[in-house]
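If you want the building blocks of each chain, they are given just below.
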Amino acid sequence: APGEAVEPGAPPQPEMAAGATAVVLPERLQRREAERQLGVERQRQKKEAQVVKEEQSEFFLAAFAREREAVEALLAAGVLEEAAARLQALQKLLTGSVRFLAPYEVRQGQEAVARLQGDLAARRQQLQPKKKFAFRALKKEAAPGSSPHPAEPAPPAPAAPGPGLAEGESGGEPLCGFSGAQDAELELGPAELRQRDVLLSELRGCRVRLRGNPNTLRVRDCRGCTVLCGPVSTSVMVDGCSDCLLALACQQLRTHRTRGCRFYVQVTSRAVIEGCSEVSFAPYYWSYPGIEEDFESSGLDRDSNNWNLVDDFDWLATDKPSPNWSLIPEQERITCWD
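Described below are features of the structure shown in this document. All values derive from a computational prediction rather than experimental measurement. (Residues numbered from 1 in each chain as written. Predicted model: local features only at pLDDT ≥ 70, side-chain atom pairs only at ≥ 80, totals over all residues. Heavy atoms only, no water.)

1. Things to note about the pattern of salt bridges
Taken as a whole and judged by the stated rule, the model has 11 salt bridges. Where Glu 72 meets Arg 115, a salt bridge forms, and the shortest distance between an N and an O atom there is 3.0 Å. Taken together, the residues span a long stretch of sequence, with Glu 72 in helix H1 (residues 14-77) and Arg 115 in helix H3 (residues 103-126) at a distance of 43 residues. Across the salt bridge formed by Arg 270 and Asp 311, the nearest N and O atoms sit 3.0 Å from each other. Separated by 41 residues along the polypeptide, Arg 270 in the loop between strand S10 (262-267) and strand S11 (271-274) and Asp 311 in strand S13 (residues 310-312) bring together distant segments of the chain. The class of Arg 270 is partly exposed, set by a relative accessible area of 26%. Connected through salt bridges with shared partners, the residues Arg 68, Glu 72, Arg 115 and Asp 119 form a single ionic network. (Salt bridge = Lys/Arg side-chain N within 4 Å of Asp/Glu carboxyl O. Helix = DSSP H or I, 4+ residues; strand = E, 2+ residues; numbered from the N terminus. Buried < 20%, exposed > 50% of the residue type's maximum accessible area, 1.4 Å probe, protein only.)

Written out as structure tokens, the structure is:
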């Protein structure tokens, strides 16, 4: 009853217990509401990020299509220097956009750039001035009593390519590089490499040093080789190789049908592998006198290196890493190359 004293240690009255429950219940509801609001905010941010990514992708695809058409028109018109400059800008546009593009969009862009590079090389060869053709006068019979003219010397036979030099494909001019050598030390310098397309093919147990700035590099069907290359302005293609060690700096790296190879790379886009197994990656460490000048002439950004970002076109699962490639542990990386 009101006014009655409550003895110490007596159990609480029912109305007090109900009051305590009324205080605790709102706190639980507040926590649940806060968690719900946090989940809603995360979903909103995720949706906004997806919208931004889609808008960036749409902008890239439109800009890439315009630039590709412009390069194609310049190639058709024979304006090759401007086409080469626009093509380099197109490559940089692709390189700077890989972070928000889907893998298939990156692959389509890389294939388009590679096709245009091939078209540019073909047009350059097509538009090269042809050798002048001159008719030689038929040898006349000497008049009776006149002294015969000495016979004209036969023109020298064309020199055969040196041993180990790579020859061009499809009857084109010889490419810069080496082919068919075995257990050899092979080397090219800056003057031989500057903005050239380089091919290394069918080498066995060779050590190749390319000190300079090539335009492109292809390494094809090599076994047990070491390839050390300075900065490549555009793309590197490694195809059908095994048990090789490669140090490469480039904008774009694509590797096909390759196994058991170690790559030390400086690459501004994501490397792409296809049909590969047991390939591993580490940062580019090789150096030589003059490499800074070669990096400057190549246009590569030394502060941008995606050596540990690899797209495996044979592995589509997103929740598990590809079993076809790995990172070389730091304690196992090569630091001394000579």
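2. Section: the packing of helix H2 (residues 80-95) against H3
Following both chains from N to C, one finds H2 and H3 inclined at 165°, their axes separated by 11 Å at the closest point. When the interaxial angle is binned, H2 and H3 end up roughly antiparallel. Regarding H2 and H3, the two cross each other, and that crossing is left-handed. On H3, the residues touching Leu 80, Glu 81, Ala 84, Leu 87, Leu 90, Gln 91 and Leu 94 of H2 are Val 106, Gly 109, Gln 110, Val 113, Leu 116, Gln 117, Leu 120, Arg 123 and Arg 124. (Axes fitted to C-alpha atoms, helices over the stretch in contact; angles between N-to-C directions. Parallel < 35°, antiparallel > 145°, perpendicular 65-115°, else oblique. Left-handed = near helix turned anticlockwise from the far one by under 90°. Contact = heavy atoms within 4.5 Å.)

3. A short note on the sheet that holds strand S7 (residues 235-239)
Read across the open sheet, the 7 strands follow the order S1-S3-S5-S7-S9-S11-S13; overall the sheet is parallel. Two strands lie at the open edges of the sheet, namely strand S1 (176-179) and S13, each paired on one side alone. Taking the axes of each pair of neighbouring strands and ignoring which way they run, one obtains an average angle of 10° across the sheet. Sheet analysis places strand S5 (residues 216-220) next to S7, joined by 4 bridges and oriented parallel. Within S7, the position partnered with Arg 218 by the bridge is Met 237. On top of the sheet, H3 reaches S5, S7, strand S9 (252-256) and S11; it is set at about 95° to S9, its chief contact. (Pairing = 2+ DSSP bridges.)

4. Observations concerning H2
An ideal rise of 1.5 Å per residue puts 22 Å on 16 residues; H2 measures up with 22 Å between its terminal C-alpha atoms. Taken as a whole, H2 has its buried residues at Leu 80, Ala 83, Ala 84, Leu 87, Leu 90, Gln 91, Leu 94 and Thr 95. The buried residues of H2 occupy one face: seen down the axis, they fall within an arc of 135°. (Expected span 1.5 Å × (residues − 1). Arc of directions from axis to C-beta.)

5. Section: the environment of Leu 186
As for its placement among the helices and strands, Leu 186 is situated in strand S2 (residues 185-188). As a C-alpha pair, Leu 186 and Cys 206 span 20 residues in sequence and 7.2 Å in three-dimensional space. Not counting the four nearest positions on each side in its chain, Leu 186 is found in contact with Phe 178, Ala 181, Leu 203, Cys 206, Arg 207, Val 208 and Arg 209.

6. Regarding unusual backbone geometry
Of note, the phi angle at Asp 221 is positive, near 55°, even though the residue is not glycine. With relative accessibility at 22%, the residue Asp 221 sits in the partly exposed group. You will see that Asp 243, though not glycine, has its phi angle at about 55°, which is positive. The partly exposed category is assigned to Asp 243, whose relative accessible area is 47%.

7. Here's the deal with the sheet that holds strand S6 (residues 226-231)
With parallel pairing, the 7 strands of this open sheet are ordered in space as S2-S4-S6-S8-S10-S12-S14. Two strands lie at the open edges of the sheet, namely S2 and strand S14 (325-327), each paired on one side alone. Each adjacent strand pair in this sheet contributes to an overall mean axis angle of 20°, direction not counted. Most of the contacts of helix H5 (residues 291-298) go to S6, to which it runs at about 65°, and overall it touches S6, strand S8 (245-250) and S10.

8. A closer look at H3
The terminal C-alpha atoms of H3 lie 35 Å apart, and with 24 residues this matches the ideal 34 Å at 1.5 Å per residue to within 8%. Burial in H3 covers these residues: Glu 105, Val 106, Gly 109, Gln 110, Ala 112, Val 113, Leu 116, Gln 117, Leu 120 and Arg 123.

9. Some remarks on the pairing of strand S12 (residues 279-283)
Of all the 5 residues making up S12, 5 are buried; the element is thus mostly covered by neighbouring parts of the structure. Where S12 and S14 come together, 3 bridges link them in parallel fashion. Considered in S14, the bridge of Phe 281 is made with Leu 327.

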